[in-house]
Amino acid sequence: MIDYKKRFVEVDEILKYLSKKDFSKIPNELLNLIKENKDSRYIWKYNSNKKLKEQNIHKDTIAILSYINTEFILEDKQKTLMKNIHEFNEMKSEKLKKQKFNPENLFKINN
């Protein structure tokens, strides 16, 4: 089960490092939702000396940040590109699943 309260702690912490310009694009309702629903006992700190991918961020936190970025921060051309990338990755994932779980190949013995 996804523990959104902990993910909101991570998202809130990371959003503090956005530029004022980008941060201002995020609706206050969303920011309030994140702040009001985060786990008050969970502590997670962003290390500004490390790159974002080195921060040991939960995959659900990345998904939430990706949504915020795509919906509110990116310019229109960037949004289109990101949506195309997401669609491509989704199609690729589905294709791999179909290959892996193809009923014709499911019971074949690998030589």
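Structure: above.
Let me sum up the structure you'll find in this document. For clarity, every value in this text was computed on a predicted model and none was experimentally measured.

What counts and how
- Residues numbered from 1 in each chain as written.
- Predicted model: local features only at pLDDT ≥ 70, side-chain atom pairs only at ≥ 80, totals over all residues.
- Heavy atoms only, no water.
- Helix = DSSP H or I, 4+ residues; strand = E, 2+ residues; numbered from the N terminus.
- Rg over C-alpha atoms; globule rule 2.2 N^0.38 Å.
- Buried < 20%, exposed > 50% of the residue type's maximum accessible area, 1.4 Å probe, protein only.
- Core = buried A, V, L, I, M, F, W, Y, C linked by side-chain atoms within 4.5 Å.
- Contact = heavy atoms within 4.5 Å.
- Phe/Tyr/Trp six-rings, centres within 6.5 Å; stacked < 30°, edge-to-face > 60°.
- Salt bridge = Lys/Arg side-chain N within 4 Å of Asp/Glu carboxyl O.

1. Quick word on the overall build of the protein
Then, in step 1: Looking only at helices and strands, the protein features six helices and zero strands.
Then, in step 2: Start at the N end of the protein and walk to the C end: the helices and strands fall as α-α-α-α-α-α.
Then, in step 3: The globule rule puts the C-alpha radius of gyration for 111 residues at 13 Å, and the 18 Å found for the protein is more than 25% above it.
Then, in step 4: For the C-alpha atoms alone, the extent of the protein along its principal axes is close to 55 × 35 × 30 Å.
Then, in step 5: A burial count over the protein gives 23% of its 111 residues as buried.

2. Topic: the nonpolar core
Inside soluble globular proteins, nonpolar side chains tend to come together where they are buried.
Then, in step 1: Counting 16 residues, the largest nonpolar core has V11, I14, L15, I26, I34, W44 and I68 as its most contacted members.
Then, in step 2: With five residues, helix α1 (residues 4–15) is the single largest residue contributor to this core.
Then, in step 3: Contact partners of I26, with chain neighbours within four places excluded, come to L15, L18, L31, I68, F72 and I73.

3. Quick word on the packing of aromatic side chains
Then, in step 1: With the rule as written, the count across this model stands at three aromatic pairs.
Then, in step 2: Ring centres of Y17 and Y46 lie 4.3 Å apart, and the angle between their planes is 35°; on these two criteria the pair is classed as tilted. In this pair, Y17 is assigned in the loop between α1 and α2 (20–23) and Y46 in the loop between α3 (28–37) and α4 (59–73), connecting sequence segments 29 residues apart.
Then, in step 3: Its relative accessible area of 45% is what places Y17 among the partly exposed residues.
Then, in step 4: The class of Y46 is buried, set by a relative accessible area of 17%.

4. Brief notes about the environment of I34
Then, in step 1: Assignment of secondary structure puts I34 in helix α3.
Then, in step 2: Overall, the relative accessible area of 1% leaves I34 in the buried class.
Then, in step 3: Excluding its chain neighbours within four sequence positions, the residues that come into contact with I34 are F8, V11, D12, L15 and I68.

5. Remarks on the pattern of salt bridges
Then, in step 1: Under the definition given, this model contains eight salt bridges.
Then, in step 2: In this structure, D12 engages K38 in a salt bridge whose closest nitrogen and oxygen atoms are separated by 2.5 Å. Of the two residues, D12 is situated in helix α1 and K38 in the loop between α3 and α4; the sequence distance between them amounts to 26 residues.
Then, in step 3: By relative accessible area, which is 6% here, D12 ends up buried.
Then, in step 4: When its relative accessible area of 31% is taken as the criterion, K38 is described as partly exposed.

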